[in-house]
Amino acid sequence: MKASELRAKDVAALEKEVTDLLKAHFGLRMQKGTQQLGNTALLGNTRRDIARAKTILAEKKREAAK
């Protein structure tokens, strides 16, 4: 997911996005553990998406606190 798409969302939607990404990442890790995951690059992409969403969420929370 692109940063511009994430910036368009509000705080509640971003928090939901982070939880969904964390669940997806957990599922991918379990697939990798049982050797069912064919494309291991998905793990890195999901991890980066989580970091991107958390960063934008923190920025929005910081702006709201001002």
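No experiment lies behind these values; they were computed from the predicted model shown.

K.L.:
Kindly report on helix α3 (residues 41–65), identifying the contributing residues and their values.
P.N.:
Between the first and last C-alpha of α3 there are 37 Å, a value that for 25 residues agrees with the 36 Å anticipated at 1.5 Å per step. Looking at α3, one finds that the buried residues are L43, G44, T46, D49, I50, A53, I56 and L57. Elements that come into contact with the buried residues of α3 comprise α1 (3–7) and α2 (11–33).

K.L.:
Tell me about unusual backbone geometry, and please be specific about residues and values.
P.N.:
Phi at Q35 takes a positive value of approximately 60°, unusual for a residue other than glycine. Among the structural elements, Q35 can be located in the loop between α2 and α3.

K.L.:
Describe the packing of α2 against α3, with residues and values.
P.N.:
At a closest axis distance of 9 Å, the pairing of α2 and α3 adopts a crossing angle of 160°. The angle between α2 and α3 places the two elements in the roughly antiparallel class. Pair α2 / α3 crosses with left-handed handedness. Residue-level contacts link V11, L14, E15, V18, L21, L22, H25, L28, R29 and K32 of α2 to L42, L43, T46, R47, D49, I50, A53, K54, I56, L57, K60 and K61 of α3.

K.L.:
Lay out the side chain of H25 in plain terms, naming residues and giving numbers.
P.N.:
Mapped onto the secondary structure, H25 falls in helix α2. When its relative accessible area of 13% is taken as the criterion, H25 is described as buried. Setting aside anything within four residues of it in sequence, one finds H25 in contact with L43, T46, R47 and I50.

K.L.:
Outline the environment of M1, supporting the account with residue identities and numerical values.
P.N.:
Relative to the assigned elements, M1 resides in the segment before α1. The class for M1 is partly exposed, based on a relative accessible area of 39%. Sequence-wise, M1 and R48 are 47 residues apart; in three dimensions their C-alpha atoms are separated by 9.5 Å. With residues up to four places along the chain from it excluded, the contact list for M1 reads L6, K9, E17, D49 and R52.

K.L.:
Please give an account of the environment of T55 that cites residues and values.
P.N.:
Along the chain, T55 turns up in helix α3. The class for T55 is partly exposed, based on a relative accessible area of 44%. The sequence separation of T55 and A13 amounts to 42 residues, and the corresponding C-alpha distance is 14 Å.

Parameters at a glance
- Residues numbered from 1 in each chain as written.
- Predicted model: local features only at pLDDT ≥ 70, side-chain atom pairs only at ≥ 80, totals over all residues.
- Heavy atoms only, no water.
- Helix = DSSP H or I, 4+ residues; strand = E, 2+ residues; numbered from the N terminus.
- Expected span 1.5 Å × (residues − 1).
- Buried < 20%, exposed > 50% of the residue type's maximum accessible area, 1.4 Å probe, protein only.
- Contact = heavy atoms within 4.5 Å.
- Axes fitted to C-alpha atoms, helices over the stretch in contact; angles between N-to-C directions.
- Parallel < 35°, antiparallel > 145°, perpendicular 65-115°, else oblique.
- Left-handed = near helix turned anticlockwise from the far one by under 90°.

Any functional reading would require information that these geometric values do not contain.
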